[in-house]
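# Coordinate inspection notes
Here is how the chains run, residue by residue.
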Amino acid sequence: QVQMAESGGGMVQAGGSLKLSCVTSGLPFSTYSMAWFRQVPGQDREFVAASKGRDAGTIYAGSLRDRFTISRDNAKNTLYLQMNVLKPEDTAVYYCAADSTMWPSRRMSNWSYWGQGTQVTVSS
């Protein structure tokens, strides 16, 4: 059974930093692509960043690549998102996702497995 659990969210002032974690089990983590998405109530779920399977590279949303860093620890089956210089518009529920493709998609519908999300709130 695939299990994915995000953690590390919370409240932070604008300009601060948070590091999110997504601990997984039940999937071949090192070969799977992993991603972070985020969602504001009433909005579409938005692609944030992805880490390609077999450590083949990373992809970022264009507006976030200079502040956010995605990484993974294959030995721990864990995905991370380091978020720096946080802004109020970063406030959202952040979700991790997994899929078997080597070349991940920015579209939510192409991801097979999802965690339950962790809330990030950035105050002004």
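The following paragraphs examine the structure supplied in this document. Predicted model, so just to flag it, every value in this text is computed and none were measured.

Definitions and cut-offs
Residues numbered from 1 in each chain as written. Predicted model: local features only at pLDDT ≥ 70, side-chain atom pairs only at ≥ 80, totals over all residues. Heavy atoms only, no water. Helix = DSSP H or I, 4+ residues; strand = E, 2+ residues; numbered from the N terminus. Rg over C-alpha atoms; globule rule 2.2 N^0.38 Å. Buried < 20%, exposed > 50% of the residue type's maximum accessible area, 1.4 Å probe, protein only. Contact = heavy atoms within 4.5 Å. Areas by Shrake-Rupley, 256 points an atom, 1.4 Å probe, with all protein chains shown as cover. Lys, Arg positive; Asp, Glu negative; His and termini not counted. Charge placed at Lys NZ, Arg CZ, Asp CG, Glu CD. Polar contact = N/O pair within 3.5 Å; in protein donor to acceptor, adjacent residues only side chain to side chain. Pairing = 2+ DSSP bridges. Axes fitted to C-alpha atoms, helices over the stretch in contact; angles between N-to-C directions.

## Re the overall build of the protein
- Counting its regular elements, the protein contains 0 helices and 11 strands.
- Each helix (α) and strand (β) of the protein, taken in turn from the N terminus, gives the series β-β-β-β-β-β-β-β-β-β-β.
- The C-alpha radius of gyration of the protein comes to 13 Å, within 12% of the 14 Å expected for a compact globule of 124 residues.
- With respect to the three principal axes, the spread of C-alpha positions in the protein is 40 × 25 × 25 Å.
- Looking at the 124 residues of the protein, the share that counts as buried comes to 44%.
- Of the contacts made within the protein by residues no fewer than 6 positions apart, 59% connect residues no fewer than 24 positions apart.
- Total accessible area computed for the protein in this model is approximately 6300 Å², and 46% of it derives from carbon and sulfur atoms.
- Counting 12 positive and 9 negative side-chain charges, the protein places the averaged centre of each group 4 Å from the other.

## Comments concerning the side chain of Thr 78
- Assignment of secondary structure puts Thr 78 in strand E8 (residues 78-83).
- Side-chain polar atoms of Thr 78 contact the backbone oxygen of Lys 76, separated by 2.8 Å.
- Residues within four places of Thr 78 in sequence aside, it is in contact with Ser 21, Cys 22, Val 23, Phe 29, Arg 72 and Asp 73.

## Thoughts on the sheet that holds strand E7 (residues 68-73)
- The strand order across the open sheet built from 4 strands is E1-E3-E8-E7, with neighbouring strands paired in antiparallel fashion. In the strand order of this sheet, the two ends are held by strand E1 (3-7) and E7, each with one partner. Strand-to-strand, the axes of this sheet are offset by a mean angle of 15°, without reference to chain direction.
- Strand direction decides the pairing type here: strand E3 (residues 18-25) and E8, joined by 6 bridges, are antiparallel.

## Let's talk about the pairing of strand E11 (residues 118-123)
- Residues Thr 118, Val 120 and Val 122 point to one face of E11 and are all buried, whereas Gln 119, Thr 121 and Ser 123, pointing to the other face, are not buried.
- With 4 bridges joining them, strand E2 (residues 10-13) and E11 adopt parallel strand pairing. Note that in E11 the partner of Met 11 across the bridge is Thr 121.
- Where strand E9 (residues 92-99) and E11 come together, 3 bridges link them in antiparallel fashion. Each bridged residue has a counterpart across the sheet, and for Ala 92 the counterpart in E11 is Val 120.

## Observations concerning the environment of Gly 115
- Tracing the chain through its elements places Gly 115 in the loop between strand E10 (113-114) and E11.
- Residues Gly 115 and Ala 98, 17 residues apart in the sequence, show an inter-C-alpha distance of 9.0 Å.
- Not counting chain neighbours up to four residues away, the residues in contact with Gly 115 comprise Met 4, Glu 6, Tyr 95 and Cys 96.

## Points about the pairing of E1
- Along E1, the buried face is formed by Met 4 and Glu 6; none of Gln 3, Ala 5 and Ser 7, which line the opposite face, is buried.
- For E1 and E3, the ladder comprises 5 bridges, and the chain directions are antiparallel. Across the sheet, the residue bridging to Gln 3 is Ser 25, located in E3.

## What to know about the environment of Ser 17
- Note on placement: Ser 17 falls in the loop between E2 and E3.
- Non-local contacts of Ser 17, meaning those with residues more than four positions away in its chain, are made with Val 12, Gln 82, Met 83, Asn 84, Val 85 and Leu 86.

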